[in-house]
Amino acid sequence: MGHPLSLHGHLKIFTTIDEMRAASRALRGAGKRLGLVPTMGALHEGHLSLVGSARAQCDAVAASIFVNPTQFGPNEDLAKYPRPFERDREMLEREGVELVFAPSVEEMYPAGAVTWVTVEDLCSKLDGRSRPGHFRGVTTVVSKLFHVVEPDVAFFGQKDAAQVAVIRRMVRDLNFAVEIVVCPIVREADGLAMSSRNAYLDAKQRREALVLHRSLMRVEELARAGERDAAKLAAAGRAEFENAEAVRLDYFEIVDAETLDPVADVSDGALVAVAAYVGATRLIDNVVLAPYR
Ligand code: PAF
């Protein structure tokens, strides 16, 4: 029986690797182009935009819901990370997702697992510098998801710009036969980038969190007005945080979007990336400056 909210009613949930792989192989064997949207659940409009792109570009869509313990540091929010599985399931079904992979931690990491995928160098830039081990956890789980689901295309959000750079490099270096599609940041009406972690913010923090977007807009405005010096642009972005009492800036950097190395001049385009703690909640956001010619 389909769920009452279901418009499509075709969603199948798999908790084991063997069943998931058999289902995706059956679809691909029938000639369908399969898209994968990897998630940690607690879905919002940003995730749904990934599903929308996957539906537009593929014949069938799989999503994974797995709160991956290896990408959380010891003092991070693994235990309290929201897990509204039934709500997520309904949303995915309504969006026309066919396959959901929702394994247990034991299924993904059998006892004795000691093999990691690490994208050296890149994994210690931006969020990787602030969150040691984070990207090793991401690239390991994403590799595993690619092996299990064997998608033709996988969809990621631009909000996690450093994650995008790390995954693209991994796919290139290890010859994964998967195309990576990156979808634009989805924002609330007032500019706050959608994130599952926004749910942690109280009303005051929610208002203060707008400084991330404001700082990026300030940099974009100055760059559009002709400023090309990355140090000056970054200083202007950081200055926006001076009056945000409840917000602690983690980093505000202007880097090359592929290598994540700092740039001195933004004429060839650049990634402007920010991370900050609003209370105990770490939020990230970014904007891409197009090349000026
Ligand atoms: O972006 C995320 O939600 C996670 O890092 C991902 C890609 C699902 C891996 O756990």
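The coordinates are above.
Residues numbered from 1 in each chain as written. Predicted model: local features only at pLDDT ≥ 70, side-chain atom pairs only at ≥ 80, totals over all residues. Heavy atoms only, no water.

Engineer: Can you tell me about the pairing of strand β8 (residues 270–278), naming the residues and giving the values?
Structural biologist: Taken residue by residue, a regular strand's side chains alternate between the two faces of the sheet. Along β8, 8 of the 9 residues are buried, which leaves the element largely enclosed by surrounding structure. Note: strand β7 (residues 247–255) against β8, 8 bridges, orientation antiparallel. In the strand pairing of β8, isoleucine 254 is matched with valine 272. Sheet topology note: the β8/strand β9 (residues 281–289) ladder contains 9 bridges and is antiparallel. Across the sheet, the residue bridging to valine 278 is threonine 281, located in β9. Here β8 folds back onto β9 in antiparallel fashion, the turn holding 2 residues, of which glycine 279 has a positive phi close to 65°. (Buried < 20%, exposed > 50% of the residue type's maximum accessible area, 1.4 Å probe, protein only. Helix = DSSP H or I, 4+ residues; strand = E, 2+ residues; numbered from the N terminus. Pairing = 2+ DSSP bridges.)

Engineer: Tell me about the environment of glycine 46, and please be specific about residues and values.
Structural biologist: Mapping glycine 46 onto the fold places it in helix α2 (residues 45–57). Taking the C-alpha atoms as reference, glycine 46 lies 24 Å from serine 130; in sequence the two are 84 residues apart. Those residues within four positions of glycine 46 in sequence are excluded, and the remaining contacts are Val186 and Met194. (Contact = heavy atoms within 4.5 Å.)

Engineer: So what's going on with the sheet that holds strand β4 (residues 99–101)? Which residues, and what values?
Structural biologist: The 6 strands lie next to each other as β1-β4-β3-β2-β5-β6, forming an open sheet whose pairing is parallel. Of all strands in the sheet, those bounded by a partner on one side alone are β1 (12–14) and β6 (179–183). On average, each strand axis in the sheet is tilted by 25° relative to the strand beside it, whichever way the strands run. Inspection of the sheet shows strand β2 (residues 34–39) paired to strand β5 (residues 153–157) by 2 bridges, in the parallel sense. Opposite glycine 35, over in β5, you have valine 153 as the bridge partner. Each of β1, β2, β3 (60–65) and β4 touches helix α1 (residues 17–29); the most contacted strand, β4, lies at about 150° to it. On the sheet, helix α6 (residues 134–149) packs against β2, β3, β4, β5 and β6 and is oriented at approximately 145° with respect to β2. (Axes fitted to C-alpha atoms, helices over the stretch in contact; angles between N-to-C directions.)

Engineer: Let's hear about the pattern of salt bridges: which residues, and what values?
Structural biologist: Overall, the coordinates contain 19 salt bridges when judged by the stated rule. Residue arginine 89 is joined to glutamate 93 by a salt bridge in which the shortest nitrogen-to-oxygen separation is 3.1 Å. With arginine 89 and glutamate 93 both in helix α3 (residues 85–94) and 4 residues apart, the pair spans about one turn of that helix. One salt bridge in this structure joins lysine 125 and aspartate 261, with 2.8 Å as the shortest N-O distance. Placement of lysine 125 in the loop between α4 (105–108) and α5 (127–130) and of aspartate 261 in the loop between β7 and β8 is noted, with a sequence separation of 136 residues between them. On the basis of relative accessible area, lysine 125 is assigned to the buried category, the value being 13%. (Salt bridge = Lys/Arg side-chain N within 4 Å of Asp/Glu carboxyl O.)

Engineer: Describe the packing of aromatic side chains, listing the residues and the values that go with them.
Structural biologist: In this description, an aromatic ring pair is defined by two values, namely the gap between the centres and the angle between the planes. For the structure on display, the rule yields 3 aromatic pairs. Each ring, one from phenylalanine 66 and one from tyrosine 109, has its centre 6.3 Å from the other, and the planes form 35°; the classification is tilted. Here phenylalanine 66, found in the loop between β3 and α3, pairs with tyrosine 109, found in the loop between α4 and α5; they are 43 residues apart in sequence, far enough to count as distant. There is no split in this pair, since phenylalanine 66 and tyrosine 109 are both buried. Geometrically, the ring pair formed by phenylalanine 72 and tyrosine 81 is edge-to-face, given 5.7 Å between the ring centres and 75° between the ring planes. We note that phenylalanine 72, like tyrosine 81, is buried. Sitting over the ring of tyrosine 200, lysine 80 keeps its end group 4.2 Å from the ring centre. Sitting above the plane of the tyrosine 109 ring, lysine 144 keeps its charged end 5.3 Å from the centroid. (Phe/Tyr/Trp six-rings, centres within 6.5 Å; stacked < 30°, edge-to-face > 60°. Lys NZ or Arg CZ within 6 Å of the ring centre and 35° of its normal.)

Engineer: An account of the side chain of glutamine 71 is requested, with residue identities and associated values reported.
Structural biologist: Within the secondary structure layout, glutamine 71 lies in the loop between β3 and α3. Taking the relative accessible area as the measure of exposure, glutamine 71 reaches 9% and is therefore buried. In terms of polar contacts, glutamine 71 uses its side chain to reach the side chain of asparagine 68, at 2.9 Å. Apart from residues no more than four positions distant in its own chain, glutamine 71 is found in contact with Met40, Glu76, Arg131, His134, Gly137, Val138 and Val141. (Polar contact = N/O pair within 3.5 Å; in protein donor to acceptor, adjacent residues only side chain to side chain.)

Engineer: I'd like to hear about α2, residue by residue, with values.
Structural biologist: Since one α-helical turn is 3.6 residues long, residues separated by three or four positions face the same way. Between the first and last C-alpha of α2 there are 18 Å, a value that for 13 residues agrees with the 18 Å anticipated at 1.5 Å per step. Along α2, the positions that sit buried rather than exposed are Gly46, His47, Leu48, Leu50, Val51, Ser53 and Ala54. Where α2 is buried, its residues touch β2, β3, α3, β5 and β6. (Expected span 1.5 Å × (residues − 1).)

Engineer: Pulling in residues and values, what's your account of the sheet that holds β7?
Structural biologist: Across the sheet, which stays open at both edges, the 3 strands sit in the order β7-β8-β9 with antiparallel pairing between neighbours. In the strand order of this sheet, the two ends are held by β7 and β9, each with one partner. Across the sheet, the mean angle separating the axes of adjacent strands is 15° when strand polarity is ignored. Packing against the sheet, helix α9 (residues 210–224) makes contact with β7, β8 and β9, and its axis sits at approximately 20° to β9.

All we've got here are geometric facts, nothing functional implied.
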